[in-house]
Amino acid sequence: MPLNKGFLLASRPQGVATESNFRFFERDIGEPGPGKVLVRNHWLSLDPYMRGRMDESRSYAASQALDEPMIGGTAGEVVASNSPDFKAGDKVVSNNGGWQLYAIQNPAMLRKVDDSKVPLQAFVGPLGMPGVTAWVGVNRFIQPKAGETVVCSAATGAVGTVVGQIAKAKGARTVGIAGGPEKCRFAVEELGYNLCVDHKAADFAQQLAAATPNGVDGLFENVGGQPFALTIARMNDFGRIAICGLIASYEGAETTSLSDMRLVLTRRLMVRGFIVSDFLPDWPAALGELIGLASTGKLKWRETIAQGIESAPSAFLGMLKGKNFGKQLVKLT
């Protein structure tokens, strides 16, 4: 059996996460037991939710256990199987393959994928959890109508990339929020956002107002912080807000709050926080639509790729600071 390498959670962050919170390991992976499958991970997905799981506070899911491989979605290949449903060579995706080269998996946690028309790593990006998150938020909660204005923060991130394209296809006028001129150009020129405003600009508030002269009907929130506060203040009556992430608040640097809850009441806003794993019945429809779009070149995305498992901690911490452009991945092979 091959030598496994990866990272454990060594300690819980006290404030901002650092590389010292992770510990590198090397050990034999062992044989897959009865009914189990051994997977060689080729791609590791790095996502903001991982930072919340590093803490011990109550949340929607259990905290990451100390001295265990960091949780993470992976795409890879079966190398040994004791399950009749999988054979060596099958390409598979898992939500819990972890920060490691190999993983012994429960077959129920694996999904076979066909990477003949789209690259394998897309199945942990726009054709995986981030893409389904976008699909659920837009279709279940924002439900844009033709001509309405939909704003999405982190517009060029793994989720926001798909949000803009889905909302635009439904006839909405889409406005992205991103960090820096290059990301804003990509949002407009490649992803099809009507406009994109730079939250790092000194005149961000003025840019946002100019981009939404008739207010905001739908908001897909990934970030929180001051951009969220400024955008919610521009919501129209009966506006819909889908919140799937508040990355600006994950390490205590910036809180996300409303200065006056009367805004929600007087404008009759719908504010819905959601976790995509609560919507498993929607996954087949969402993935079918997204894979169909991607295989015909109608779904665009971008990736930031770190090389080798050793790069995972620094890539993860950089992503939390917005250093990535598009989906943050680690290439493991």
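Numbers given for residues are sequential positions, taken from 1 along each chain in its written order. At least 70 in pLDDT is required for a residue's local features to be given in this predicted model, at least 80 for side-chain atom pairs to be given and counted, and no such filter applies to totals for whole chains, interfaces and linings, which use all residues. Side-chain measures here rest on the full set of heavy atoms in the structure, leaving out hydrogens and waters.

## Concerning helix α4 (residues 181–189)
Working step 1: Relative accessibility thresholds used throughout: buried, under 20% of the residue-type maximum; exposed, over 50%; partly exposed, between the two (1.4 Å probe, protein chains only). Counting from the N terminus, the helices are DSSP H or I runs at least four residues long and the strands are E runs at least two residues long. Lys 183, Cys 184, Phe 186 and Ala 187 are the residues of α4 that are buried. Down the axis of α4, the sector holding all buried residues measures 160°, keeping them to one side. Residues of α4 that are exposed and angled more than 90 degrees away from the buried face: Pro 181 and Glu 189.
Working step 2: On the buried face of α4, the contacting elements are β9 (173–178) and β10 (195–198). Our arc is simply the arc of the directions from the helix axis toward the C-beta atoms. Contacts are assigned to residue pairs with any non-hydrogen atoms lying within 4.5 Å of each other.

## As for the sheet that holds β9
Working step 1: Each pair of strands is called paired provided DSSP finds at least two bridges between the two strands. The sheet built from 6 strands is open, its strands ordered β10-β9-β8-β11-β12-β13 with parallel pairing. This sheet does not close on itself; its edge strands, each paired only once, are β10 and β13 (270–273). Taken pair by pair, the neighbouring strands of this sheet meet at an average axis angle of 15°, ignoring direction.
Working step 2: Bridge count for strand β8 (residues 149–153) against β9 is 5 bridges, and the pairing is parallel. Across the sheet, residue Thr 149 finds its bridge partner in β9, namely Arg 173.
Working step 3: Lying on the sheet, α4 is in contact with β9 and β10; it crosses β10 at an angle near 165°.
Working step 4: Lines fitted to the C-alpha atoms define the axes, with helices restricted to the stretch that makes contact. Angles between their N-to-C directions range from 0 to 180 degrees. Lying on the sheet, helix α6 (residues 225–232) is in contact with β8, β9, β11 (216–221) and β12 (235–243); it crosses β12 at an angle near 150°.

## Examining the packing of helix α5 (residues 204–211) against α6
Working step 1: The interhelical angle for the contact between α5 and α6, taken along N-to-C directions, is 40°, at an axis separation of 11 Å. Relative to α6, α5 is oriented so that their crossing is right-handed. Touching Phe 204, Ala 205 and Leu 208 of α5 are Pro 227, Leu 230 and Thr 231, all from α6. Definitions for this section: a left-handed crossing has its near helix turned counterclockwise from the far helix by less than a right angle. A right-handed crossing has that turn clockwise.

## Considering the environment of Cys 244
Working step 1: Within the fold, Cys 244 resides in the loop between β12 and α7 (262–266).
Working step 2: The class for Cys 244 is partly exposed, based on a relative accessible area of 23%.
Working step 3: Expressed as a C-alpha distance, the spacing of Cys 244 and Gln 328, which sit 84 residues apart in the sequence, is 17 Å.
Working step 4: Ignoring sequence-local partners within four residues, the contact set of Cys 244 consists of Thr 133, Val 159, Phe 220, Glu 221, Asn 222 and Phe 274.

## Comments concerning the nonpolar core
Burial of nonpolar side chains together is a common tendency in soluble globular proteins.
Working step 1: By convention a nonpolar core is built from buried Ala, Val, Leu, Ile, Met, Phe, Trp, Tyr and Cys residues, the set being connected through side-chain atoms within 4.5 Å. Leu 127, Val 132, Val 136, Val 163, Tyr 193, Phe 220 and Phe 274 are the most contacted members of the largest nonpolar core, which has 46 residues in total.
Working step 2: Taken together, the elements giving at least two residues each to this core come down to α2 (129–142), β8, α3 (160–169), α4 and α8 (283–295).
Working step 3: The element that contributes the greatest number of residues to this core is α2, accounting for 7 residues.
Working step 4: Those residues within four positions of Val 132 in sequence are excluded, and the remaining contacts are Val 276, Trp 283, Ala 286, Leu 287 and Leu 290.
Working step 5: Of all hydrophobic cores here, the second largest spans 27 residues; its members include Leu 9, Leu 46, Ala 306 and Leu 332.

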